[in-house]
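What follows is the residue order along each chain.
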Amino acid sequence: MLVRIQPRAHMISLSTPVEELPKIGTAYAKKLKKFGIKTIQDLLFYFPARYDDFSEIIKVRDIRQKLGQTVCVQGRIADIESSHTFKKWMDLTEALVEDDSGQTKAIWFNQPYLAKSFKEDDFISLAGKVSLGKEGLYLASPAYERINEIGENEELTHTGRIVPVYSETRGVTSRWLRYVIKPLLYRFSEQIQESLPEEIVKKYKFLPIQEAVWQLHFPESFEAADAAKARFSFEELFLIQLNVLKEKARLMLKKAPACPMDANLMKNFTDSLPFKLTDSQRKCAFQILKDLEKTVPMSRLLEGDVGSGKTVVATMAALSTVKNGHQVAFMAPTEILAKQHFKTVTQLLKNFDVKIGLMTGKDARITHAGLVSDTSPACVISKKSFLGDLENGQLDIAIGTHSLIQKNVEFKDLALVVVDEQHRFGVEQRDHLIKDKKLVPHLLSMTATPIPRTLALTVYGDLDLSLIDEMPKDRKKIKTIIVPPSQRKEAYDFIEKEVKEGKGVFVICPKIESKKTIATSDVAMTGSFVPQNYPASLASLATMEVKAVKDEYERLSSKIFPDLRITMLHGKMKPAEKEKIMIDFRNGEIDILVSTSVVEVGVDVPRATIMMIEGAERFGLSQLHQFRGRVGRSDLQSYCFLFTTSPDQLDRKRLKALVESNNGFELAQKDLEIRGPGSLYGTQQWGLPDMAMQGLSNIFLVEKTRTAAKEILEKDPELKNYPQLQERLKNFQKRIHFE
Ligand code: ADP
Ligand code: MG
C-alpha cells in the first residue's frame, strides 16, 4: 500500500506477510487474518479500541487509599511462588513486592510460569486493581513487566503509561499485540509514507503519519492519542469524499435523455388521484420533474417516512418519462414488493395509456391502460416476449427486482431508473443499461431510511436529496407501548381480542446480535464491549435468526395462542413460499405472522393492526420505526408493542423516544446521538473502519473533509500528483461497499 518497492525479495518490509516474522509464525498469522491483518503494515494499522490509563506510578504505601481502583506500582520482588489449590482447581502465583515505602502482594491465577520467569530481587512494574483479601490489600492479576530499576525513566509497554487495549479474539491478547507491535514500530514506522497530501497535513496541522501511528499505539498523553485519531478520522472521511466526488464528476461527463415536463399531463394525473398530494409530495415531484428535463443525468434520493407516499411521486416521474417516448425501469428489493408496485402503478396509470410490465423469477406480466387486472391470467406472458417488448420499445415501464438489469435484458430507450430501498446504484450499473455508452439513464432512488446530514454529505454525497417531510392527512397515530415482563399477559389478551375481530398481528423476533469482539486488558479481566470491527458472517447470523423464529413460533402456537392461526416467515424460505404466506396474511388466512427482522416487511397488509417486537432494545430506533410503519396502513387504530426485559436506563430512554416521536428523522438523529453511527441501518455492512464511523457523527469534520476533497479535485481531478492518495483510494474502494 504505502510501500517503496524493495530491491531484494527476501528483505523484510512493510508489505512482508506477518507469518514471516519469527514471533508470529503461521499459527498467529491465521488468527490475525480474522482481524484482516496480513502484512506488517496491516498490523501497524491495527489500532487500539481504547486505552488503560496506568500512567501514574504510586508508592506501595499509598495503595491503602486506592481500594477498588487500578494503580501502578514498581518494586523489587522479595518473594514469588506458585502453588496449586486443589479446592479451587487452579494455580495461584503470589509475589511480594516492595519499594522504599513498604510491601504489597500481587496474586495471579493460572499463570504458573510467572514464578519461573521472575525471581527474587528482580524489579517489576505492576498495574492492577487494589483488592482486599483475608490477609490485607493485594493487587489482583496485575499487568506486569520487567524493569531494571525503580524510578528510572525506562520505556514501559504494559504498565506505567497509557496502555493500548485492542479488540481481541481468542488467542490474541492485547498484551501479545503490544509485545509484537512495539518492536515493529521501531523498525518500520519510518517506512510508512505520508498518504495525505502535504498541504493538507500542514493546513490542518495534523500529526504526520509516522508520528500518528506511534501515538495511536503508545500515546504520550490522551491529547496525543486524540490528535492521532483526528488525523485518521479525517483521512477516512476524506477518502469517502474523494470517492463520491470523483464518481459524481465521472457521471457529469455523461448525458441523459432530456424529458421536458408537460404541466397539463401532470395536472391530469394529480386530478385523477383519489386524494390530494401533500405539499411535500408536490415539492419533491417538481424537483424531480425539473431534473428530468436536463441532459445532465439526475442522481436523486427521494427520502420519506414509511407511508409518506413516495410511490405516487415516482409514478409521476415515470409518466413524464414515458410520455417523452422513453422507457422506465422500476426496481424493488424483493419480488413481493415488485408485485405490489406493479399493482399500484397499474392502478395509478390506468387512464394514461401506458404499458406496464412485471418480471419475476417465475413469469412475466403485462398490463395496459387498466385493460386487464394485474392478477388476471390474461396478463401473463412469456419471459421471452417480455424481453422482446423491452427491446423493441413496446413496453413503457418495467418493474422487477435486480433481475431487470441482468445481461440478457435490453431496453430500447431507457431514460429513468427508479430504485426502491436500495440507495446505491453505481455509475457502472447505470452504464450497463444503455447500449449507447455516452448516455446514462436518470436515477431516482427512494428510501424510508432517514439520512442524517453527516451521511448526506459523505456516503450519499453524490446524490441530491428530496425530502417528503409530512404525512398524508387522516392517518391515525399508531399507539406505541413499552411492555415490561409483568404486563406480557395483558398484551397477549389484547392481541387475542384484536385477532378475534379479524385483525392481523406481526411478531418480530429479537435480532441476533453479530458477534462482538471483546476488548479486555490483561488487568483483572475488566473487559468492556467495544463496537465490532469486523461484521460476523451474515450467513451464520441468518441461521441463528431462523432458529429464533422457530422457537418463538413454537412457543406462541403451542403455549400462548393454541387456537390462532400462526405462521412463520424467515429469510431462508424460498421466494414463492414467502410470497404465498404474505398473500395469505393479507387475505386474512393467517392471524399472526412470526418473522425475523431481515425478512421483507415492506408489503402492505392493511388489516394488520398490531406490531409486536420482541427484544425491542436490540434494534436501532430507525429500524423499530420502520417495523412500526408496517401497521397503521388503514383507518383502523393500530398498535406497536415493544417487549423488553432490559433494565438498562439507556435502553429505556431510547424506547421512550419511540413512544414519544413518530418522526423518522428525529429518531435517526437520536440514534446517532445515543448509539453512534454504527446504529444507523446499513452502516454495519459498509465495512467502514471505526475511525470513519466515529467521524461520521461529527458534522464539522465532515464539512472540513468535503472542502478539502473539493479543493484537491479542482486542482487535480485525476490525482495525478498524489500517487499515495490514489493508492489509498483504490484500496478504499475495494474495501467498502456502500448500499
Ligand atoms: P411509501 O412512501 O411508504 O412508499 P406509499 O407510496 O406506499 O408510501 O403510500 C402509502 C399509502 O398512502 C398508499 O396507499 C398511497 O396510495 C397513499 N397516499 C399517498 N399519498 C397520499 C396522499 N397525499 N394522501 C392520502 N393518501 C396518500
Ligand atoms: Mg414504498
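Residues numbered from 1 in each chain as written. Chains lettered and ligands numbered in written order. Predicted model: local features only at pLDDT ≥ 70, side-chain atom pairs only at ≥ 80, totals over all residues. Heavy atoms only, no water.

Engineer: Help me get a handle on the overall build of the chain, residues and values and all.
Structural biologist: Counting its secondary structure elements, the chain contains 23 helices and 24 strands. Taking contacts inside the chain between residues at least 6 apart in sequence as the whole, the part at least 24 apart equals 71%. For the chain, the computed accessible surface area is about 34000 Å², with 53% contributed by carbon and sulfur atoms. (Helix = DSSP H or I, 4+ residues; strand = E, 2+ residues; numbered from the N terminus. Contact = heavy atoms within 4.5 Å. Areas by Shrake-Rupley, 256 points an atom, 1.4 Å probe, with all protein chains shown as cover.)

Engineer: Any chance you could break down the confidence of the model for the chain for me, citing the residues and the numbers?
Structural biologist: Looking at the chain, the pLDDT average stands at 86 and 89% of residues meet or exceed 70. In the model, residues 514-536 has pLDDT below 50 throughout and makes 63 contacts with residues more than four positions away in sequence or in other chains. (pLDDT = per-residue confidence, 0-100.)

Engineer: Kindly report on the packing of aromatic side chains, identifying the contributing residues and their values.
Structural biologist: Per the stated rule, a full pass over the model turns up 23 aromatic pairs. Aromatic pair phenylalanine 35 and tyrosine 46: ring centres 4.9 Å apart, planes at 35°, arrangement tilted. In this pair, phenylalanine 35 sits in the loop between helix H1 (25-33) and helix H2 (40-44) while tyrosine 46 sits in the loop between H2 and strand S1 (50-53), placing the two residues eleven residues apart along the sequence. Given the relative accessible area of 2%, phenylalanine 35 is considered buried. We classify tyrosine 46 as buried; its relative accessible area is 5%. (Phe/Tyr/Trp six-rings, centres within 6.5 Å; stacked < 30°, edge-to-face > 60°. Buried < 20%, exposed > 50% of the residue type's maximum accessible area, 1.4 Å probe, protein only.)

Engineer: Kindly report on the side chain of glutamate 303, identifying the contributing residues and their values.
Structural biologist: Note on placement: glutamate 303 falls in strand S8 (residues 299-304). In this view, glutamate 303 contacts Lys310, Thr447, Thr449, Pro450, Ile451, Leu465, Ser466, Leu467, Ile468 and Phe665; residues no more than four positions away in its chain are not counted.

Engineer: For the nonpolar core, give the residues involved together with the corresponding values.
Structural biologist: Grouped together as the largest cluster of nonpolar side chains are 49 residues, with contacts concentrated most on Ile495, Ile592, Val594, Ile613, Leu624 and Leu642. Not counting residues within four places of it along the chain, the set of residues in contact with isoleucine 613 comprises Ile508, Phe619, Leu624, Phe627, Cys640, Phe641, Leu642 and Phe643. Counting residues in each nonpolar core, the second largest holds 42 residues, with Ile288, Leu302, Ala318 and Ile397 among its members. (Core = buried A, V, L, I, M, F, W, Y, C linked by side-chain atoms within 4.5 Å.)

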